[in-house]
Amino acid sequence: MSDEPRSPYPSSADPPDPFLHLYTERARQQQASSIREICKLGARPEVRSLAGGWPAPGTFPVEEVAEIARDVLASRGPDALQYCQTEGVTALRDAMARWASDKLGIPATRDHILITHGSQQGMDLIFRVLVEPGDVVLCGLPTYFGATGAVSALGGRLVGIPVDQDGLDAEAAAVRLEELRAEGARPKGIYIIPSFQNPAGVALSLARRQRLLALAKEHDLLIIEDDPYGELRFDGQPIPCCKALERAAGAEGRVVHIHSLSKTFAPGLRLAWVAADPGVVRRMVVAKQYVDTCTNTFGQYLLLEFVSRGLLERQIEANIAYYRGQRDALLSSLDRHFPSDRVRWNRPEGGLFVLVHLPEGMDADALSREALAHNVAFVSGAQFHHDGSGKNTFRLSFSQSSPEVMEEAVARIGALIRAKLGA
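Notes on the structure in this doc start here. (Residues numbered from 1 in each chain as written. Predicted model: local features only at pLDDT ≥ 70, side-chain atom pairs only at ≥ 80, totals over all residues. Heavy atoms only, no water.)

**Thoughts on the overall build of the protein chain**
Part 1 of the reasoning: The secondary structure content of the protein chain amounts to 14 helices and 14 strands.
Part 2 of the reasoning: Taken over C-alpha atoms, the radius of gyration comes to 21 Å for the protein chain, in line with the 22 Å a tight globule of 423 residues would show.
Part 3 of the reasoning: Projecting the C-alpha coordinates of the protein chain onto the three principal axes gives extents of approximately 65 × 60 × 55 Å.
Part 4 of the reasoning: When each of the 423 residues of the protein chain is scored for burial, the buried share is 55%.
Part 5 of the reasoning: The contacts in the protein chain between residues at least 6 apart in sequence include a share of 75% that link residues at least 24 apart.
Part 6 of the reasoning: Summed over its atoms, the accessible surface of the protein chain is roughly 17,800 Å², and 51% of this surface lies on carbon and sulfur atoms.
Part 7 of the reasoning: Treating the 46 positive side-chain charges of the protein chain as one cloud and the 52 negative ones as another, the clouds have centres 1 Å apart. (Helix = DSSP H or I, 4+ residues; strand = E, 2+ residues; numbered from the N terminus. Rg over C-alpha atoms; globule rule 2.2 N^0.38 Å. Buried < 20%, exposed > 50% of the residue type's maximum accessible area, 1.4 Å probe, protein only. Contact = heavy atoms within 4.5 Å. Areas by Shrake-Rupley, 256 points an atom, 1.4 Å probe, with all protein chains shown as cover. Lys, Arg positive; Asp, Glu negative; His and termini not counted. Charge placed at Lys NZ, Arg CZ, Asp CG, Glu CD.)

So this is what it looks like as structure tokens:
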């Protein structure tokens, strides 16, 4: 993605490319994700990794999926191995519309639903139909690099809005939108991760969700609501997603809700659904027809049966219990080993991430390289700030490593931080 800096971590050199002169300028400028590079290093057995934000393999419903796969092939084999509609398998769209309505309070029928190859494709498609070169999309500082990269790849202009403990600062967004209006710029959307944001781990407050909906109506733009973590709430009271609030706010149809199954079902199947105004869905469907024709049909039938048997609710509850324990273990380690008088971090009520703030002037990239030399991996926060800020922050993930590994990793990082503070 064009907004991602080249990895500061050692990796294999790019192979010779005799066709570089044929590529577009945008393709030549794009760099490999430094996050992906450090996660590769984190896969080495000697490395204690808190880098990857991937779900824990031990949570995957392998036996249930194996049984369902046999049943699907026996009963619906020809359909499951065939192409399907670009919109997705009709029965699955119906099931996801019911889930959206019953579980999330989003009024939906199949016409509001599109099945995509993961939430990343949902973001890619909505920005394809929304963003032209020079168009503005507001996003958090920090926020998930996959979304900002999708905007940049289309020549869009990113405008960062600070993120604090209550999520994206809606009043700062209001001020910035007025400034953009005065400049003659054309804002098209606001990208948010409303619940347990990657990387900050914070949830957007109800008041700010309502304020953003009012801004979307006032400035005639869309809210792209990326929600991979909302169902992984460990503590506190659920907050309705923006899509569920839009009608009461008088902003009906202005939210494009993207809902991943990667954190609650199986990431390797690459399944997500989008709930949006039928007109928006139709535009995304047309764009998708030229990208991949349709989403993995067999995977859709697996998910349909998984949902129909009531297994998705059970899987979500099991994931919540597991990740709650993981979060508690990481926070306990941080309390023991980090200097809390100089370093601060959030205490997430859900999701997979903790964001650490070092003292101003301390370089998290340099700390990360030093940690790697001690066989510890984490992701520096600058990767999530498209404007180059956030250099004193880093993200820790509690999703995959055992409590014992997290304890050892945090102890090593804490010792490095204390040494730098002492120096």
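Let us keep going from here.
**Topic: the sheet that holds strand S3 (residues 136–141)**
Part 1 of the reasoning: Within the open sheet, the 8 strands sit side by side as S2-S9-S8-S7-S6-S3-S4-S5. Their pairing is mixed. Strands at the two margins of the open sheet, each flanked by one partner only, are strand S2 (113–116) and strand S5 (167–168).
Part 2 of the reasoning: Pairing geometry for strand S4 (residues 157–164) and S5, over 2 bridges, is antiparallel. Counterpart to Val 163 in the pairing with S5 is Leu 168.
Part 3 of the reasoning: Across the face of the sheet, helix H4 (residues 90–104) comes into contact with S2, strand S8 (255–260) and strand S9 (272–275) while running at roughly 110° to S2.
Part 4 of the reasoning: Contacting S3, S4 and strand S6 (187–192), helix H6 (residues 145–153) crosses the sheet at an angle of about 160° to S4. (Pairing = 2+ DSSP bridges. Axes fitted to C-alpha atoms, helices over the stretch in contact; angles between N-to-C directions.)

**Considerations on the sheet that holds strand S10 (residues 344–345)**
Part 1 of the reasoning: What the 4 strands build is an open sheet, ordered S10-S11-S14-S13; its pairing is antiparallel. The sheet terminates laterally at S10 and strand S13 (379–380), the two strands that pair on one side only.
Part 2 of the reasoning: Of the strand pairs in this sheet, S10 and strand S11 (residues 353–357) are connected by 2 bridges, and their pairing is antiparallel. When the sheet's bridge partners are listed, Trp 345 is paired in S11 with Val 356.

**Topic: the nonpolar core**
Part 1 of the reasoning: Residues Phe 127, Tyr 191, Trp 273, Phe 338, Phe 394 and Ile 413 are the most contacted members of the largest nonpolar core, which totals 104 residues.
Part 2 of the reasoning: If one sorts the elements of this core by residue count, helix H12 (residues 311–337) sits on top with 9 residues.
Part 3 of the reasoning: Those residues in contact with Ile 413 that lie beyond four places of it in its chain are Leu 50, Phe 338, Leu 367, Val 376, Phe 378, Phe 394 and Leu 396.
Part 4 of the reasoning: In terms of nonpolar packing, the next biggest core, distinct from the first, is built from 27 residues, Val 136, Leu 138, Ile 190 and Cys 242 among them. (Core = buried A, V, L, I, M, F, W, Y, C linked by side-chain atoms within 4.5 Å.)

**Concerning the pairing of S4**
Part 1 of the reasoning: Taken together, the 6 bridges between S3 and S4 define a ladder with parallel strand orientation. When the sheet's bridge partners are listed, Leu 141 is paired in S4 with Pro 162.
Part 2 of the reasoning: For the segment spanning S3, H6 and S4, crossover handedness is right-handed. (Right-handed = clockwise from strand over helix to strand, strands pointing away.)

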